[in-house]
Amino acid sequence: MKPDLFQAPDYYNLDDLLSEEHKLVRESARAWVKREVSPIIEEYAQKAEFPKQIIKGLGEIGGFGPYIPVEYGGAGLDQISYGLIMQEIERGDSGVRSTSSVQSSLVMYPIWKYGNEEQRMKYLPKLATGEFMGCFGLTEPDHGSDPGSMITNFKDMGDHYLLNGAKMWISNAPFADIAVVWAKNEEGRIHGLIVERGMEGFTTPETHNKWSLRASSTGELIFDNVKVPKENLLPNKSGLGAPLGCLDSARYGIAWGAIGAAMDCYDTALRYAKERIQFGKPIGGTQLQQKKLAEMITEITKAQLLTWRLGVLRNEGKATTAQISMAKRNNVDMAIHIAREARQMLGGMGITGEYSIMRHMMNLESVITYEGTHDIHLLITGMDVTGIPAFK
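Residues take numbers from 1 onward in each chain, read along the sequence in its written order. Restriction of local features to residues with pLDDT of at least 70 applies here, the model being predicted, together with a cutoff of 80 or more for giving and counting side-chain atom pairs; totals for whole chains, interfaces and linings are based on all residues. Hydrogens and water molecules were not included; the side-chain quantities draw on all heavy atoms of the structure.

With an unreviewed UniProt entry as reference, the protein chain is termed glutaryl-CoA dehydrogenase (ETF), source organism Flavobacterium geliluteum. Per UniProt, the protein chain has the following entry under Cofactor (unreviewed entry): "FAD". UniProt positions are given in the numbering used here, feature names are shortened, and annotations may be inferred rather than shown by experiment. One UniProt comment on the protein chain, placed under Sequence similarities (unreviewed entry), says "Belongs to the acyl-CoA dehydrogenase family."

Quick look at the structure:
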């Protein structure tokens, strides 16, 4: 087991833009990742298993809903703190960050924003500690980038709703205690429903044979005449804008998280380049390897500035969906390119589990697709600057 020697790059002294609280939150998360995630994550990725023993620790470092108000069990932190936590967790592994950001932005966020007080008090404190784990049901087998065409539906049966349909590619599904599920009512309007494990007709088969996010648990949500109590409907927002609002929060977290994966690949490649001797000198002394490293740190620095500014806008309530899309798309693309370059720098060692790079590279193939594909985010930016939608 190799020691975690990670040192975060800060080429433009961005720490000067952070508060003492921001830095404390980040250092707490970083120390926890080094202690609890790095020593075990390669083993769990190899055997394609989520390390459930880390759930309690994720809750303790604020990995679940850090911006949720204290009265509901959250830490009451700002959006930059949330981003920094996601950055540090994904530095450890994208799959672990997926578990964290799904719980935060796709389960806790909609209950907080769209739920009533009874729902908030019932679910949020337990979700914040990890006592309850949740998942988010939007994507369907035939409806990914076009969620508005979903066919999962519910009917009003008088004293309850009857839910039918299926969702797939759902992080946390196999072990989730609750699912925030998006479905159409009889008029075709999309609503959120809280579905609890144990409800008859609700099953969560696990998805196997993944080459990506192997340390994350992925599955389906199957609803076969599931009776959902009427009090489990999220009352304060409906329509496609409701789940998309959750995705804004999740995509924002991904924009930060991807920087963590990129930093880990860069740090690994930089250290290796200084130590690996070929032709009588470190490979870091050759022009081509220096070119790679210089481009990596430049792109990381640009992403850090982009995301910090987005965090300020989020704190001020000014960030737009299109701005969040730009950051998600740019930063994940940046990270995946850095992972590929770093892998080449390590040669054959880059494909082994002795280093984190190949695992990051495989994980990022999912991150670049989920919660809005690379191309869809490009079209969101295109629509924003032209005013003309190109989706249809």
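A short note on the pattern of salt bridges
A pairing counts as a salt bridge when a side-chain nitrogen of Lys or Arg comes within 4 Å of a carboxyl oxygen of Asp or Glu. Considering all chains together, one arrives at 23 salt bridges under this definition. A salt bridge links K23 to E20, with the nearest nitrogen and oxygen atoms 3.3 Å apart. Highlighted residues: K23 and E20, both in helix 1 (residues 20-37), separated by three residues, approximately one helical turn. Note on E20: relative accessible area 61%, which makes it exposed. Between K318 and E316 there is a salt bridge, with its nearest N and O atoms 3.5 Å apart. Each of D15, R26, E27, R30 and E88 takes part in one network of salt bridges that share partners. Here a strand is any run of E in DSSP of at least two residues, a helix any run of H or I of at least four, and the numbering for each starts at the N terminus. Only protein chains enter the accessibility calculation, which uses a 1.4 Å probe; a residue is then buried when its area is under 20% of its type maximum, exposed when over 50%, and partly exposed in between.

Some remarks on the packing of helix 7 (residues 241-275) against helix 8 (residues 287-315)
Only C-alpha atoms enter the line fits that serve as axes; for helices the fit covers just the stretch in contact. Angles between N-to-C directions range over 0 to 180 degrees. Orientation of helix 7 relative to helix 8, taken along the N-to-C sense of each, is 155°, at an axis distance of 10 Å. Here helix 8 runs roughly antiparallel to helix 7, going by the angle between their axes. Handedness of the helix 7/helix 8 crossing: left-handed. Side by side, helix 7 and helix 8 meet where D248, S249, Y252, A255, W256, I259, A262, M263, Y266, A269, L270 and A273 of the first sit next to L293, M296, I297, I300, A303, Q304, T307, W308, L310, G311 and R314 of the second. When residues are sorted by character, Ala, Val, Leu, Ile, Met, Phe, Trp, Tyr, Cys and Pro go into the nonpolar class, Asp, Glu, Lys and Arg into the charged class, and all the rest, Gly among them, into the polar class. Classifying every residue of the contact of helix 7 with helix 8 gives 17 nonpolar, four polar and two charged. Roughly parallel refers to an angle under 35 degrees, roughly antiparallel to one over 145, roughly perpendicular to one between 65 and 115, and oblique to any angle outside these ranges. By convention the crossing between two helices is left-handed if the near helix lies anticlockwise of the far one by an angle smaller than a right angle, and right-handed if it lies clockwise. Residue contacts are counted whenever heavy atoms from the two residues lie within 4.5 Å of one another.

Let's talk about the environment of Y252
Relative to the helices and strands, Y252 is located in helix 7. Owing to a relative accessible area of 0%, Y252 belongs among the buried residues under this scheme. Residues Y252 and M326, spaced 74 residues apart in sequence, show a C-alpha to C-alpha distance of 9.8 Å. Among all residues touching Y252, those that are not within four sequence positions of it are Q79, I80, Y82, G83, L310, G311, R314 and I324.

Observations regarding a nonpolar patch on the surface
Among the surface-exposed residues, Y11, Y12, L17 and L305 lie close enough to one another that they form a single nonpolar patch of about 450 Å² accessible area. Tracing the backbone shows Y12 in the segment before helix 1. Its relative accessible area of 55% is what places Y12 among the exposed residues. Within this analysis, patches are made of residues with over 30% relative accessible area and no salt bridge. Like charges are joined at 9 Å or less; nonpolar side chains (Val, Leu, Ile, Met, Phe, Trp, Tyr) at 5 Å or less. Accessible surface area values rest on a Shrake-Rupley calculation with a 1.4 Å probe, where residue burial reflects the displayed protein chains alone.

With respect to the nonpolar core
The criterion is simple. A nonpolar core is a set of buried Ala, Val, Leu, Ile, Met, Phe, Trp, Tyr and Cys residues joined through side-chain atoms within 4.5 Å. Membership of the largest hydrophobic core comes to 61 residues, with the highest contact counts inside it found for I111, L127 and W182. In terms of residue count, helix 5 (residues 94-114) provides more of this core than any other element does, eight residues in total. Not counting chain neighbours up to four residues away, the residues in contact with L127 comprise F64, Q103, V107, M108, I111, F132, M133, G134 and I178. Core analysis: the next-biggest nonpolar cluster, separate from the first, contains 35 residues, I254, Y266, I283 and I297 among them.

Re the UniProt feature "domain: Acyl-CoA dehydrogenase/oxidase N-terminal" (unreviewed entry) in the protein chain
Mapped onto this structure's residue numbering, the UniProt feature "domain: Acyl-CoA dehydrogenase/oxidase N-terminal" (unreviewed entry) falls at residues 19-131. Between the first and last C-alpha atoms of residues 19-131 the distance is 30 Å; the span itself is 69% helix and 0% strand.

Points about the layout of surface pockets
Reported here for the largest pocket is a volume of approximately 1200 Å³. If you trace the largest pocket, you find 40 residues lining it, with T139, G144, S145, E371 and G372 closest to the centre. Elements supplying a minimum of two residues to the lining of the largest pocket: helix 5, strand 3 (160-171), helix 7 and helix 11 (374-386). For the lining of the largest pocket, the class distribution of residues is 18 nonpolar, 15 polar and seven charged. The rule is simple: put a 1 Å grid over the protein atoms alone, call a set of points where a 1.4 Å probe fits but cannot get out a cavity, call an open set with protein on both sides within 12 Å along at least five of seven lines a pocket, and count a residue as lining if it has an atom within 4 Å of a point. Grid points are joined across faces, edges and corners, and a volume is the space filled by probe spheres set on the points. Of the volumes computed, that of the second largest pocket is approximately 580 Å³. In terms of lining residues, the second largest pocket is bounded by 25 residues, among which K2, P3, E354, Y355 and S356 are the most central. Elements with a minimum of two residues in the lining of the second largest pocket: helix 2 (41-46), helix 4 (79-92) and helix 7. No other element matches helix 7, which puts six residues into the lining of the second largest pocket. Split by residue class, the lining of the second largest pocket holds nine nonpolar, five polar and 11 charged.

Some remarks on the packing of aromatic side chains
For Phe, Tyr and Trp, where Trp contributes only its six-membered ring, two rings pair if their centres lie within 6.5 Å, and the inter-plane angle classes them as stacked under 30 degrees, edge-to-face over 60, or tilted in between. Scanning the entire structure with this criterion turns up 13 aromatic pairs. Here the aromatic rings of Y82 and Y252 are separated by 6.1 Å at their centres, their planes lie at 35°, and the arrangement is tilted. Residue Y82 is located in helix 4, and its partner Y252 is located in helix 7; the two are separated by 170 residues in the primary sequence. A residue is classified by how much of its surface remains accessible, and Y82, at 0% relative accessible area, is buried. Ring centres of Y109 and W112 lie 6.2 Å apart, and the angle between their planes is 80°; on these two criteria the pair is classed as edge-to-face. Pair noted here: Y109 and W112 are both in helix 5, with a separation of three residues, about one helical turn. Each member of the aromatic cluster is reached from another via a ring pair, and the members are Y67, Y82, Y109, W112, Y114, F136, W182, Y252 and W256. The aromatic ring of W112 is capped on one face by K113, whose charged end is 4.8 Å from the ring centroid. Directly above the ring of Y252 sits R314, whose terminal nitrogen or CZ lies 5.2 Å from the centroid. For a ring to carry a charge above it, either NZ of a lysine or CZ of an arginine must fall within 6 Å of the ring centroid while also lying within 35 degrees of the normal to the ring plane.

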